[in-house]
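Overview (structure and organization)
Residues per chain, in single letters:
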Amino acid sequence: MTPIANYINGQLVAPVSGQYIDIYNPSTGEVYAKLPDSDERDVNRATEAAQKAFAGWSSTPAEKRSKILLKISALIEKNLDKLAMAESVDNGKPLKLAKTVDIPRAASNFYFYATGLMHFASESHYMEEGAINYTLRKPIGVVGCISPWNLPLYLFSWKIAPALAAGNCVVAKPSEITPMTAFLLSEICTEAGLPPGVLNIVHGLGNKVGQAITEHPLITAISFTGGTLTGASIARTAAPLFKKLSLELGGKNPALIFADCNYEKMLKTVMLSSFANQGQICLCGSRIFVERPIYEKFKKDFVEKTKKLKVGDPLEEDTQLGAVVSEQHMNKVLSYVELAKQEGGNVLTGGKRATVSGRCKNGWFIEPTIIEGLSFDCRTNQEEIFGPVVTIMPFDKEEEVLQYANSTPYGLASTVWTENLTRAHRVAGELKTGIVWVNCWLLRDLRTPFGGMKNSGVGREGGWEAMRFFTEAKNVCIKY
Ligand code: NAD
């Protein structure tokens, strides 16, 4: 059984409580690791270590900070196979996906901010009155980073890398459901020469460790990715303490497919935006609106292709859908299929737990599911399901589909399929989401602002947005 340890002050340590929590392999349903059941005592130790390390790290020359982060990136690449295997076992995702997306992206996150920090500059404002203002951007101090289970190392590093690049020290908490690659990252950080206390990783439950990070008076900024309800709870705790907050929350993303789209390209991509990572990517498009002239053809082709998807052992090369992350999550997703039926939905394919023979016979798998016949405003089409379940629906007019698309409380991402350039721009402007993809999906340039509107979040990550979030701006006005 792999013993996971907290990473505090450069050391791998047991939780103060001495207690551990079972960690499951979702593709077999078996316990395979033990997670420290940490609490506020561990968070206090981590924060103390981070505070002590801050003076040194924040005054380390940019070039030296950059070199250490580049080393972390290189070591992630070097350990690609080991990390990908760990991610697949921990999360249930296909090994191939972890190898080609999750782990390379974690390396890119460190690479991007390691190089970015060398070019980060701030504004200056000249005044005719004979004065000059410049914006001094200093690191905040000790910051908290809390991440979810769906893209474990990918999203964990998306926060930690800019926080460290900007000169902060970090107390971080990965999801208790998928802690393994964050644990392996702590070993990599030591090897890369990251000074003790600069990054501290405390494992454990959200309502203990996450809550303690949010409440700690010396942690003055929180970067959080996870569910909307958790985000609201963090905001309630952090607001009276005047902490800087970045919240990346849930989504219920629409795909708008117009009849003039490049059909083959669209169909291929919609398969991915529906079912990649078992539909457990916050950016997956789970509400698919199709212009009526191509609705029947799309329905037939989409169902046919979905039926051919291989749900199977995540370690097999040709598996397209692995296990969902936990038994509880599987049951939640399946309960939405039942709800959809009660709401009048017709399940065109899937809808059930999938059985995978052999070593995965007790794993938590779900058949990729397509449902039609629902109204745009029913619960199935308004609430986040976060699994391999999508709904399809025809539309006639652009205003109508915009109403459908914008009708949920969420506003994370949307996808538009059309070859009409004017329409593409017009619709992109009207969609109330933080990200709009036209004729593509999940094409990411790390320099761009990333985040959601409405209940999908507050603030933006990515590029300079993250560097600005992780620094405090101070205006210095000099009269001459
Ligand atoms: P979650 O909110 O349950 O947990 C996220 C993290 O918060 C975990 O580390 C958890 O331990 C911690 N946490 C739980 N309660 C806490 C508390 N009271 N205080 C502080 N921390 C606490 O989310 P999840 O189930 O791990 O992830 C799935 C959700 O994440 C989905 O809603 C998905 O849409 C969202 N998500 C959003 C984005 C985005 O970029 N907007 C990306 C990925 C996932």
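Residues numbered from 1 in each chain as written. Predicted model: local features only at pLDDT ≥ 70, side-chain atom pairs only at ≥ 80, totals over all residues. Heavy atoms only, no water.

**A closer look at the overall build of the protein**
Worth spelling out the cut-off: Working definition: helices are DSSP H or I runs of at least four residues, strands are E runs of at least two. Numbering for both runs from the N terminus. With C-alpha atoms as the basis for the radius of gyration, the globule rule is written as 2.2 Å multiplied by the number of residues raised to the power 0.38. Each residue gets one of three labels from its accessible area relative to the maximum for its type: buried under 20%, exposed over 50%, partly exposed in between, using a 1.4 Å probe on protein chains only. Note on contacts: a residue pair is in contact if any heavy atoms of the two residues lie within 4.5 Å. Shrake-Rupley sampling with a 1.4 Å probe provides the accessible areas, and residues are treated as covered by the protein chains on show and by no other component. Counted as positive: Lys and Arg. Counted as negative: Asp and Glu, with His and the chain ends omitted from the count. Charge placement uses NZ in Lys and CZ in Arg. For Asp and Glu, CG and CD serve respectively.
Within the protein one finds 14 helices and 25 strands. Against the globule reference of 23 Å for 480 residues, the protein gives a C-alpha radius of gyration of 23 Å, in line with a compact fold. Across its three principal directions, the C-alpha atoms of the protein cover 65 × 65 × 40 Å. Taking all 480 residues of the protein together, 59% fall into the buried category. When contacts within the protein are restricted to residue pairs at least 6 apart in sequence, long-range pairs at least 24 apart make up 75% of them. When the accessible surface of the protein is split by element, carbon and sulfur atoms take 55% of a total near 19,300 Å². Computed over 52 positive and 49 negative side-chain charges, the inter-centroid distance for the protein is 3 Å.

**Digging into the pattern of salt bridges**
Keep this limit in mind: Take a side-chain nitrogen of Lys or Arg and a carboxyl oxygen of Asp or Glu: if they are within 4 Å of each other, that pair is a salt bridge.
Under the definition given, this model contains 24 salt bridges. Its salt-bridge partner being aspartate 37, residue lysine 208 comes within 3.1 Å of it at the nearest N-O pair. Remark: aspartate 37 occurs in the loop between β5 (30–36) and α1 (40–58) and lysine 208 occurs in helix α7 (residues 206–215); sequence separation between them is 171 residues. Between glutamate 367 and lysine 352 there is a salt bridge, with the nearest N and O atoms lying 3.7 Å from each other.

**Some points on the site of the ligand**
Condition: Only a single heavy atom is needed: when it lies within 4 Å of a molecule or strand, its residue is near that molecule or strand. Polar contact is defined as a pair of N or O atoms within 3.5 Å, subject to the rule that within protein one atom must be able to donate a hydrogen and the other to accept it, and that residues adjacent in sequence are counted only when both atoms are side-chain atoms. Each residue is assigned to one of three groups, with Ala, Val, Leu, Ile, Met, Phe, Trp, Tyr, Cys and Pro labelled nonpolar, Asp, Glu, Lys and Arg labelled charged, and all others, Gly among them, labelled polar. Residue ranges assigned to the domains are those given by an automatic or database domain assignment.
For the ligand, the set of nearby residues contains 30 residues, the closest of which are Trp149, Glu176, Thr230, Leu249 and Glu384. Lysine 173 has a polar side-chain atom sitting 2.8 Å from an oxygen atom of the ligand. Residue glutamate 176 places a side-chain N or O atom 2.6 Å away from an oxygen atom belonging to the ligand. Elements represented by at least two residues in the shell around the ligand include exactly α7, β11 (219–225) and α8 (228–238). A class-by-class count of the residues in the shell around the ligand yields 12 nonpolar, 14 polar and four charged. Looking at which domains feed residues into the shell around the ligand, each of domain 1 (6–249 + 456–479) and domain 2 (253–447) supplies at least three.

**Some thoughts on the packing of helix α4 (residues 95–116) against helix α5 (residues 152–165)**
In plain terms, the rule: Each axis is a line fitted through C-alpha atoms, and for a helix only the stretch in contact is used; angles between axes span 0 to 180 degrees, taken between their N-to-C directions. The labels follow the angle: roughly parallel below 35 degrees, roughly antiparallel above 145, roughly perpendicular from 65 to 115, and oblique for the rest.
Where α4 meets α5, the closest approach of the two axes is 8 Å, and the angle between their N-to-C directions is 5°. On the basis of their axis angle, the class for α4 and α5 is roughly parallel. Residues Val101, Asp102, Ile103, Arg105, Ala106, Asn109, Phe110 and Tyr113 of α4 lie in contact with α5, whose contacting residues are Pro152, Leu153, Tyr154, Ser157, Trp158, Ile160, Ala161, Pro162, Leu164 and Ala165. Of the residues assigned to the contact of α4 with α5, the class counts are 14 nonpolar, two polar and two charged.

**A closer look at the environment of leucine 155**
Of note, leucine 155 is situated in helix α5. Leucine 155 sits in the buried class, given a relative accessible area of 7%. Here the alpha-carbon distance between leucine 155 and threonine 225, two residues 70 residues apart in the chain, equals 7.8 Å.

**Let's talk about the domain arrangement of the protein**
Put simply, the rule reads: A simple way to read buried area is as the amount of 1.4 Å-probe accessible surface that goes missing from two parts once joined, with both sides added.
Per the domain assignment, the segments of the protein are domain 1 (6–249 + 456–479) and domain 2 (253–447). With centres defined by C-alpha atoms, the gap from domain 1 to domain 2 works out at 30 Å. Taken together, the contact pairs 31 residues of domain 1 with 30 residues of domain 2. Counting the surface lost from both domain 1 and domain 2, the interface buries some 2,500 Å², and carbon and sulfur atoms represent 62% of this. If you sort the residues of domain 1 by the area they bury against domain 2, Ser27, Trp149 and Ser456 come out on top, with a joint share of 22%. Linking domain 1 with domain 2 are zero salt bridges. If you look at where domain 1 meets domain 2, you find nine residue pairs in polar contact (both at pLDDT 80 or more). Tallying contributions element by element places α4 first for the side of domain 1 that touches domain 2, with seven residues. Tallied by class, the residues present in the side of domain 1 that touches domain 2 amount to 12 nonpolar, 15 polar and four charged.

**So, the pairing of strand β6 (residues 124–127)**
Rules: In this analysis, strands are considered paired if DSSP registers two or more bridges between them.
As paired strands, β6 and strand β7 (residues 131–139) are joined by four bridges and run antiparallel to one another. Among the inter-strand pairings, methionine 127 is bridged to a residue of β7, identified as alanine 131. Where β6 folds back on β7, the antiparallel hairpin that results is connected by three residues, among which glycine 130 adopts a positive phi of roughly 90°.

**A short note on the nonpolar core**
As a reminder of what qualifies: Here, nonpolar core means buried Ala, Val, Leu, Ile, Met, Phe, Trp, Tyr and Cys residues that are tied together by side-chain atoms lying within 4.5 Å of each other.
Among the nonpolar cores identified, the biggest contains 97 residues, and Ile76, Leu164, Leu199 and Leu283 are the most heavily contacted of them. Per-element accounting of this core gives the leading share, 10 residues, to α5. Residues from two domains meet in this core; each of domain 1 (6–249 + 456–479) and domain 2 (253–447) gives at least three. Non-local contacts of leucine 164, meaning those with residues more than four positions away in its chain, are made with Trp57, Arg65, Leu69, Phe110, Val170, Leu194, Val198 and Leu199. Counting residues in hydrophobic clusters, the runner-up holds 23 residues, among them Leu267, Ile288, Phe298 and Leu309.

**Quick look at the sheet that holds strand β13 (residues 253–257)**
Taken in spatial order, the seven strands line up as β15-β18-β19-β14-β13-β21-β22 in an open sheet, and their pairing is mixed. The open sheet terminates on both sides in strands that have one partner only, identified here as β15 (346–349) and β22 (435–438). Sheet twist, expressed as the mean angle between neighbouring strand axes with direction ignored, is 25°. In the packing of helix α10 (residues 292–307) onto the sheet, contacts are made with β13, β14 (285–291), β15, β18 (369–372) and β19 (389–395), and the angle to β14 comes to roughly 140°.

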